[in-house]
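Okay, here's what each chain looks like letter by letter:
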Amino acid sequence: MENILVLCTGNSCRSQMAHGYLNHFLDNRSVKVYSAGIETHGLNPGAVMIMKDDGIDITSHTSNHVDEYSDVDFNYIITVCDHANENCPFIPSKNAKRLHHNFFDPSKVEGTEDEKYNAFLKARNEIKQYCQEFSQENFN
C-alpha cells in the first residue's frame, strides 16, 4: 500500500479537491490518499460544490492537521500552495517523493457569484489535470 499526502494551508479547498481527484483517478489501486493542512479551516462549501458539479463527492472528507499523520510513512507528499510548502513542519517520511505545485486559491476571490464560481472552476480544472497526470505518471 502506498500513501499519498496532499498538503495545503487550511485543508479546506485545494488539498480537498486534489484528495478527491486522486481518490478518483487511483481507484482500484493499492493507494491511500490523505489530505492535511498546517492549520484546519473545515471544508470550503465552494470546493464541495464545484467537485459535485464534476461528479466527485467530498462531503465525507474532514479537515485534518498534518500532525495527525505523524505515524504514517508517506511515499508522496504533494504541497498545493506556496504557504504550506514554505511553512510546513518536517514530515519524517524517509523515502517520500516531495512534489510542489502552487495552485490558484479560489477562496480568496471576492465578487459576484459568477466570478466566485469561475474562480473555483479554474482551480478545480487545474487540480484535476495535475492529479490525472500525477496518477498516470506514477501509477500506470
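Before reading further, recall that the structure is shown in the block above.
Quick summary incoming for the structure in this document.

**A short note on the nonpolar core**
With 42 residues, the main nonpolar core has Ile 4, Leu 5, Met 17, Leu 22, Phe 74, Cys 131 and Phe 134 as its most contacted residues. Broken down by secondary-structure element, the contributors of at least two residues to this core are strand S1 (2–8), helix H1 (14–25), strand S2 (31–37), helix H2 (45–53), strand S3 (76–79) and helix H4 (113–139). Considering every element that reaches this core, the biggest residue donor is H4, with seven residues. Discounting residues that sit within four places of it in the chain, Phe 134 has contacts with Ile 4, Leu 22, Tyr 76, Ile 78, Leu 99 and Phe 139.

**Thoughts on the sheet that holds S1**
In space, the four strands of this open sheet follow the order S2-S1-S3-S4, with parallel pairing throughout. At either end of the open sheet lies a strand with only one pairing partner, and these are S2 and strand S4 (97–100). Here the strands of the sheet are splayed against their neighbours by 20 degrees on average, with no regard to which way each runs. Examined bridge by bridge, S3 and S4 share four bridges and lie parallel to one another. Note that in S4 the partner of Ile 77 across the bridge is Arg 98. Where H1 meets the sheet, its contacts fall on S1, S2 and S3, and the angle it forms with S2 comes to roughly 175 degrees.

The rules behind the values
Residues numbered from 1 in each chain as written. Predicted model: local features only at pLDDT ≥ 70, side-chain atom pairs only at ≥ 80, totals over all residues. Heavy atoms only, no water. Core = buried A, V, L, I, M, F, W, Y, C linked by side-chain atoms within 4.5 Å. Buried < 20%, exposed > 50% of the residue type's maximum accessible area, 1.4 Å probe, protein only. Helix = DSSP H or I, 4+ residues; strand = E, 2+ residues; numbered from the N terminus. Contact = heavy atoms within 4.5 Å. Pairing = 2+ DSSP bridges. Axes fitted to C-alpha atoms, helices over the stretch in contact; angles between N-to-C directions.

Just distances and angles here, no functional claims.
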